[in-house]
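Summary of structural features
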Amino acid sequence: FGAVPGRRFEIIVSNPPYVPGPQERLPDRGPERAWDAGSRGRAFLDRICREAPVHLTPGGVLLIVHSVVCDEAKTLSALRARGLETGVVLRHVGRLGPRLREREEWLRHSGLLAGQHDEVIVVRAQAPEAYPITPRTGRAA
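Described in the following lines is the structure provided in the data block. All values derive from a computational prediction rather than experimental measurement.

Comments concerning the overall build of the protein
Check the secondary structure of the protein and you find four helices and four strands. Secondary structure elements of the protein occur, N-terminal to C-terminal, as β-α-β-α-β-α-α-β. Here the C-alpha atoms of the protein give a radius of gyration of 16 Å, agreeing with the 14 Å that 2.2 N^0.38 yields for 141 residues. On the principal axes, the C-alpha backbone points of the protein span a range of 45 × 30 × 20 Å. Each of the 141 residues in the protein was classed as buried or not, and the buried ones make up 41%.

Thoughts on the sheet that holds strand 3 (residues 85-95)
On the basis of which strands lie adjacent, the open sheet formed by four strands has the order 1-2-4-3 and mixed pairing. In this open sheet, the two strands that pair with only one neighbour each are strand 1 (9-14) and strand 3. Averaged over all pairs of adjacent strands, the angle between strand axes in this sheet comes to 10°, irrespective of strand direction. Where strand 3 meets strand 4 (residues 117-126), ten bridges bridge the pair, whose relative direction is antiparallel.

So, the packing of aromatic side chains
The final tally for this structure, using the stated rule, is zero aromatic pairs. Sitting above the plane of the Trp-35 ring, Arg-99 keeps its charged end 3.9 Å from the centroid.

Rules of the game
- Residues numbered from 1 in each chain as written.
- Predicted model: local features only at pLDDT ≥ 70, side-chain atom pairs only at ≥ 80, totals over all residues.
- Heavy atoms only, no water.
- Helix = DSSP H or I, 4+ residues; strand = E, 2+ residues; numbered from the N terminus.
- Rg over C-alpha atoms; globule rule 2.2 N^0.38 Å.
- Buried < 20%, exposed > 50% of the residue type's maximum accessible area, 1.4 Å probe, protein only.
- Pairing = 2+ DSSP bridges.
- Axes fitted to C-alpha atoms, helices over the stretch in contact; angles between N-to-C directions.
- Phe/Tyr/Trp six-rings, centres within 6.5 Å; stacked < 30°, edge-to-face > 60°.
- Lys NZ or Arg CZ within 6 Å of the ring centre and 35° of its normal.

Right, dumping it as structure tokens:
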């Protein structure tokens, strides 16, 4: 959100990098930047959950795509803590994608993956119509 300081939007849509991996640092170049998201897959998700609310207009909507291996409950909780009404509006269960398949053994060992399938979700978070979010804290006044 650094490129849009102080701006507010009716809708924000994000499909951030969310693939967990054993790497200690996020890549700063190359194709891996499109999917690598730290050891829990939340390097970008946590920032979006923290910063997006101050960029929504009253009644504005945030849509975020990510895998359930990244802790769906943590996303919902983080957005609710900032005054947004949340829910999962889409679930797609399917085979592990190529990036998760590459890391399947590590994901299982880390306790992030239990079954044979992945579930990709779309989280919807909506700001209240009367939305007194303070820019300094990102929380409802």
